[in-house]
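What follows is each chain in one-letter form.
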Amino acid sequence: CWKVREHNSSEWCHFIRSNPDCRLDGGFLDYLDGVFCVFPPRLLPLAVTLYALWLLYLFIILGVTAEKFFCPNLSAISTNLKLSHNVALFSLTSPLHGVTFLAFGNGAPDVFSAVVAFSDPRTAGLAIGAIFGAGVFVTTVVAGGIALVKPFTAASRPFLRDVVFYMVAVFLTFVVLYLGRIRLGEALGERCGSWGCWGQPGGAVTPPHHSPIPGYLGLYVFYVLTVVLCTWIHRRQRGDGLAPPGPWEPELPTGVEEPEPSGTNSGDYGEEYRPLLPSRESSLRILSAALSPLDYRKWRRKPWYWRLFKACKVPVELVLLLTVPVVDPDKDDLNWKRPLNCLHVLTSPLLCVLTLKSGAYGLYQIQGIFPVWGLVTLVASALALIIFISTSNEEPPKYHCVFAFLGFLASAMWINAAATELVNILRTLGIIFQLSNTVLGLTLLAWGNSIGGEGSAGPQCPPGTPWGPPASPKLFLSPSTDTFSDLTMARQGYPRMAFSACFGGIIFNILVGVGLGCLLQMTSSQPLVKLEPDSPLVWVLAGALGLSLVFSFVTVPAQCFQLGKAYGSCLIAYYLLFLCVALLTEFRVIHFSSP
């Protein structure tokens, strides 16, 4: 499909529509047809500009959905599963939260983007480029920026543990790319040998293939167990007491500004103006208040650039408020909004069936007569009416926790839909500018997923939950890989936590992103996925990431874990050098022979 620009502009549309390689799998919009058939050739710059703006808006959609809907519902689910909200650093449940629910909440956009990209061999390079590119960016620019903002003493044992696991994960990916394929055993972590592999349905044994590497998902499970075991051992050594923080524990910051309490769905909607005496409100008033994404008092206090960014997010937040319920276990009423939640009973299932496989299932007609979305509308409307009649505005029902699972599913479908559009538009831009998927992944996709949103202090999830800002000293903070969040945490006195997040959060992204992304593409008749590098740039990426990890693994202990501006400057200079080499390789100024 890259050859479309080599033809005369009058032949672009015919070439796109007649070439099977130019067909975009999934998604609601055909971006290639739009840029080469809808827009005349002289308006190609305008089309590219519109696509670039839409790309930025897709990143906003991903960020808002994960931050204000996906992550809070994960918090509510953890509460309903009886997982402790006490997230003290050395409790056994805290590391389990941090490396499972927490990592999934913060890494959802990255993982969904990887899964979508791996679904098509033509876009697998996007996933590899994004995962490796984000790894290089976070472990150099973000980690270096933290050291520049506030020199500190790194957490020694967690740092060494995470760097070792991440180096193993990078090596596994390098081997998979070198072999050009990933098998079921390598994705899951089956026991393989000369006798074959177990783990197939029904206890079947696959033919022996002498898998040289363990599985991605199996390695992540081992990482989770290692974190829990290390925490348990350290607790035993401390005698479960509150000993003074050691050289690897997060220090208690002084003069840290408390984050603003979050409201119903967002940190933007506070409760500081809640009336002193409760009063009965009508359903219509509750619905209109719940659907308002703006806090007008806060709007007047904020600078103009915040207002501009907020104005861009309002349409997204309004649609999400209409379709995604949010359960807040830290509120007395659990964020029960009777009219809106009853509306969610209708809109959330409709959203799921109309976004699954880009609406293919929702538009399917039963017996060729009645569409699936119509059946879902009838059933959901009846259920919503029953719930509205049998509940009250003041008291949430006993089954209100079900709305957390419904919100989790609906927000996941939103993230998946946005990730699908994101991958398709990046592939379109690659065809327009004749760029490889790898360079688009390591730049646009990696930067978009790593830079983060508004630069709010601390993590993105509500305070007082396993994913939110600490409510008391020495609490575990979110291992977010967002640049602004990590730098803000460091500036406010949490540099060790922010630095640990750089290496801990991306382990989830690479192991689960590659493992799950490839696993979902396997079938019983084809238990492998081909991963052939689309350019020599892949090896530059793998080498650069491995070298940056080795550099930190050697220099950080050599400095007795005392990290300052020299270390930060070296990491940022290293990333700039890597970016220059990567771009020169992409434009064939530097030539590398592929393995």
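Keep in mind the model is a prediction, meaning the values are calculated, not measured.

Analysis parameters
Along every chain, residues carry numbers that run from 1 in the direction the sequence is written. Owing to the predicted nature of the model, reporting of local features is limited to residues with pLDDT of at least 70; listing and counting of side-chain atom pairs is limited to 80 or more, with chain, interface and lining totals taken over all residues. Note that the side-chain values use all heavy atoms of the structure and ignore hydrogens as well as water. Strands here mean DSSP runs of E at least two residues long; helices mean DSSP runs of H or I at least four residues long; both are numbered from the N terminus. With a 1.4 Å probe rolled over the protein chains alone, any residue whose accessible area is under 20% of its type maximum counts as buried; one over 50% counts as exposed, and the rest are partly exposed. Residues count as neighbours in contact if any of their non-hydrogen atoms are within 4.5 Å of one another. Calculation of accessible area relied on Shrake-Rupley with a 1.4 Å probe; when residues are assessed, cover is drawn exclusively from the protein chains displayed. Definition of a polar contact: a pair of N or O atoms within 3.5 Å, with one able to donate and the other able to accept a hydrogen when the atoms are protein atoms, and with sequence-neighbouring residues admitted only if both atoms are side-chain atoms. The span expected for a helix works out to 1.5 Å for each residue beyond the first. We define the bend at each residue as the angle formed by axes fitted to the 7 residues ending at it and the 7 residues starting at it. Lines fitted to C-alpha atoms define the axes here, with helix axes fitted over just the stretch in contact, and angles between the N-to-C directions of these axes take values from 0 to 180 degrees. Only Asp, Glu, Lys and Arg are considered charged in this grouping, and only Ala, Val, Leu, Ile, Met, Phe, Trp, Tyr, Cys and Pro are considered nonpolar; every other residue, Gly among them, is considered polar. Centre distance within 6.5 Å is the pairing criterion for rings of Phe, Tyr and Trp, where only the six-membered ring of Trp is used; planes under 30 degrees apart are then read as stacked, over 60 as edge-to-face, and the remainder as tilted. Any Lys NZ or Arg CZ that is within 6 Å of a ring centre and within 35 degrees of that ring's normal is treated as a charge sitting over the ring. Salt bridges are identified by distance alone: a Lys or Arg side-chain nitrogen within 4 Å of an Asp or Glu carboxyl oxygen. Here the term patch refers to residues with relative accessible area over 30% and no salt bridge, with like charges joined within 9 Å and nonpolar side chains (Val, Leu, Ile, Met, Phe, Trp, Tyr) within 5 Å. Counting rule for disulfides: a pair of cysteine sulfur atoms within 2.5 Å.

For the chain, the count of helices and strands is 20 helices and eight strands. Counting only residues that meet the buried cut, the chain has 52% of its 595 residues in that class. Restricting to contacts in the chain with at least 6 residues of sequence separation, those with at least 24 account for 78%. As presented, the chain carries roughly 26,900 Å² of accessible surface, and 66% of it is formed by carbon and sulfur atoms.

Positionally, K68 belongs in helix α3 (residues 44-80). At 2.6 Å, the side chain of K68 and the side chain of E317 are in polar contact.

Attention shifts here to helix α16 (residues 437-451). In a regular helix each residue adds 1.5 Å, so 15 residues correspond to 21 Å; α16 covers 20 Å between its end C-alpha atoms and thus fits that length. Of all the bends in α16, the largest measures some 30 degrees and sits at L445. Within α16, the full set of buried residues consists of N437, T438, V439, L440, G441, L442, T443, L445, A446, N449 and S450.

This next bit is on the packing of α16 against helix α19 (residues 537-558). Where α16 contacts α19, the two axes come as close as 9 Å, and the packing angle between them is 35 degrees. Only L537, V538 and L541 of α19 make contact with α16, whose side of the interface consists of T438, V439 and L442. When grouped by side-chain class, the residues that make up the contact of α16 with α19 number five nonpolar, one polar and no charged.

On to the packing of aromatic side chains, then. Under the defined criterion, the tally for this structure stands at 19 aromatic pairs. On the basis of an interplanar angle of 65 degrees and a centroid distance of 6.3 Å, the ring pair of W299 and W306 is categorised as edge-to-face. A relative accessible area of 14% means that W306 is categorised as buried. Aromatic rings pair up to connect F152, F159, F499, F551, F561 and Y567 into one cluster. Positioned above the aromatic ring of W306, the side-chain terminus of K302 is 5.7 Å from the ring centre. Over the face of the ring belonging to F388 we find R338, whose NZ or CZ atom lies 3.8 Å from the ring centre.

By the definition in use, this model includes five salt bridges. Ionic pairing is found between D162 and R161, a salt bridge with its closest N-O pair at 3.1 Å. Its salt-bridge partner being K310, residue E317 comes within 2.9 Å of it at the nearest N-O pair. Grouping residues by exposure puts E317 and K310 together as buried. Each of K68, K310, K313 and E317 takes part in salt bridges that share partners, so that together they form one network.

Together, Y364, I366, I369, F370, L375, L378 and V379 line one region of the surface with nonpolar side chains, adding up to about 710 Å² of accessible area. Among the elements that take part in the nonpolar patch, helix α14 (residues 372-390) stands out by supplying three residues, more than any other. With respect to the element layout, L378 can be found in helix α14.

Right, let's talk about the environment of C22 for a bit. Among the structural elements, C22 can be located in the loop between α1 (12-18) and α2 (31-38). Remark: the alpha-carbon pair of C22 and T428, spanning 406 residues in sequence, is separated by 9.1 Å.

Let us now look at the state of the cysteines. Inspection of the entire model under this criterion finds two disulfides. Note that C1 is cross-linked by a disulfide to C22, the S-S spacing being 2.1 Å. Measuring the twist about the S-S bond at about 115 degrees, one finds the C1-C22 disulfide to be right-handed. A residue pair is termed long-range when its members are at least 10 positions apart, and C1 in the segment before α1 and C22 in the loop between α1 and α2 qualify at 21 residues.

Scope: geometric values only; no functional claims are made or implied.
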